[in-house]
Amino acid sequence: MKPLRLYVNIDHVATLRQARRGDEPDPVVAARLCEDAGADGITAHLREDRRHVQDHDIDRLRSSLRTPLNLEMACTDEMVAIALRVNPHHVTLVPERREEVTTEGGLDVTRDQPRLRAAIARLQATGIVVSLFIDPDATMVTASAELGARAIELHTGTYCHGGGDSTALRALQDAASLGARLGLAVHAGHGLTTRNVGPVAAIPEVEELNIGHSIVSNAVYVGLPTIMRDMRQAMHDGRSRGAR
Ligand code: PXP
C-alpha cells in the first residue's frame with residue numbers, strides 16, 4: 001500500500017488573525033509548527049475574496065516551508081497568474097462562491113472544460129502538479145483524467161457530514177479505485193476528524209489527506225491549558241514587580 005501523506009490546511013489560523021486584522025496568529029508560524037510535528041505538506045486556500053489567507057501569506061509560505069505547498073484556488077485568470085508567479089508544488093482547483101461558508105461540493109469538471117484544460121496545461125507545463133477537487137462520482141473522475149490533471153482530491157464532505165455513512169464511504173472507495181486505474185494520484189479531504197478519518201485512510205488508493213478545521217479547532221483545546229498557565233505567570237510577575 002502507498003504511504004499516506006498528511007497535508008495540513010492552515011486557512012483557519014488566518015481566519016482567526018483576520019478577526020482582528022492583526023498579525024497573529026501567523027499561519028506561517030503555524031505551518032512551521034505543523035511541519036515540526038510531522039506534516040508532509042501545507043495547504044492554503046487563497047480565496048478571491050481574501051477572507052482568510054492573504055497574498056503575502058502565500059509568498060511567505062512558499063519561501064519558508066520545508067515541505068511542499070499545495071495552493072488551493074479557483075480556476076480564474078487572476079489565480080492562475082498568481083500560481084505561475086509563486087510556483088507552488090501543487091495546485092488544487094476548487095469551486096468558489098462568495099456567499100459560501102466553506103468549499104461546498106466538488107468542482108463540476110464537466111463544465112467550462114476549455115478553460116479548465118488550458119489552466120491545467122499551463123500550470124503543469126511549469127512542473128506544478130494539478131489536482132481537481134471533485135465529488136466521488138465516476139463521471140467527475142473520468143472527466144478529470146480526460147482534462148489532463150495528474151491528481152484528484154475526493155470531497156469527503158458527504159461521508160463526514162452523514163456520520164460515516166457506508167454508501168458515502170463506498171462512493172469514495174469506488175472513485176478512488178477508478179481514479180487510480182486511470183492513472184490519477186488520489187487525494188481526499190473536507191470535514192475529516194480523528195473520529196471519521198480511519199475508513200478513508202484505509203482506502204488503499206488514497207495517498208494524501210488534506211485536513212484543516214478539525215486540527216486547528218482541536219489545537220485551541222490542546223493549547224488552552226498552556227497559555228492559561230503562562231498568562232497567570234505573567235500576571236503574577238507584573239503584580240510582584242508593582243508591589244516592590
Ligand atoms: N480540501 C479542500 C479542497 C478544501 O477546500 C478544504 C477546506 O478548505 C479541505 C480539504 C479541508 O477541509 P477541513 O477544513 O474540513 O478539514
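Cut-offs used in this document
- Residues numbered from 1 in each chain as written.
- Predicted model: local features only at pLDDT ≥ 70, side-chain atom pairs only at ≥ 80, totals over all residues.
- Heavy atoms only, no water.
- Pairing = 2+ DSSP bridges.
- Helix = DSSP H or I, 4+ residues; strand = E, 2+ residues; numbered from the N terminus.
- Axes fitted to C-alpha atoms, helices over the stretch in contact; angles between N-to-C directions.
- Contact = heavy atoms within 4.5 Å.
- 1 Å grid on protein atoms, 1.4 Å probe; cavity = no way out; pocket = protein on both sides within 12 Å on 5 of 7 lines; lining within 4 Å.
- Points joined across faces, edges and corners; volume = space filled by probe spheres on them.
- Nonpolar A, V, L, I, M, F, W, Y, C, P; charged D, E, K, R; others polar.
- Parallel < 35°, antiparallel > 145°, perpendicular 65-115°, else oblique.
- Left-handed = near helix turned anticlockwise from the far one by under 90°.

Chemist: Is there a simple way to think about the sheet that holds strand E7 (residues 185-189) in this case?
Modeler: By way of backbone hydrogen bonds, the strands of a sheet pair with one another, either parallel or antiparallel. With parallel pairing, 8 strands are arranged side by side around a closed barrel as E1-E2-E3-E4-E5-E6-E7-E8. Within this sheet the neighbouring strands show an average axis-to-axis angle of 25 degrees, counted without direction. In this structure, strand E4 (residues 90-93) lies alongside strand E5 (residues 129-134), joined through 4 bridges in parallel fashion. In the strand pairing of E5, valine 91 is matched with valine 130. In the packing of helix H8 (residues 166-181) onto the sheet, contacts are made with strand E6 (151-155), E7 and strand E8 (206-211), and the angle to E6 comes to roughly 175 degrees.

Chemist: Is there a simple way to explain the layout of surface pockets in this structure?
Modeler: To find leftover empty space, one rolls a probe the size of a water molecule over the atoms. A volume near 770 Å³ is recorded for the largest pocket. Lining of the largest pocket is provided by 22 residues; of these, Ala30, Leu33, Val216, Ala219 and Val220 occupy positions nearest its centre. Only strand E1 (5-9), helix H1 (11-18), helix H2 (27-36) and helix H10 (213-243) provide two or more residues apiece to the lining of the largest pocket. Ranked by the residues each element gives to the lining of the largest pocket, the list is headed by H10, at 8 residues. Considered class by class, the residues forming the lining of the largest pocket number 19 nonpolar, 2 polar and 1 charged.

Chemist: How do you make sense of the packing of H2 against helix H3 (residues 55-64) when you look at a structure like this?
Modeler: When two helices pack together, their arrangement is given by the angle between the helix axes and by the axis-to-axis distance. Between H2 and H3, whose axes approach to 9 Å, the crossing angle comes to 30 degrees. Put simply, H2 runs roughly parallel to H3. When you trace H2 past H3, the crossing you get is right-handed. On H3, the residues touching Pro27, Val28, Ala31 and Arg32 of H2 are Asp57, Arg60, Leu61 and Ser64. Partitioned by chemical class, the residues of the contact of H2 with H3 number 4 nonpolar, 1 polar and 3 charged.

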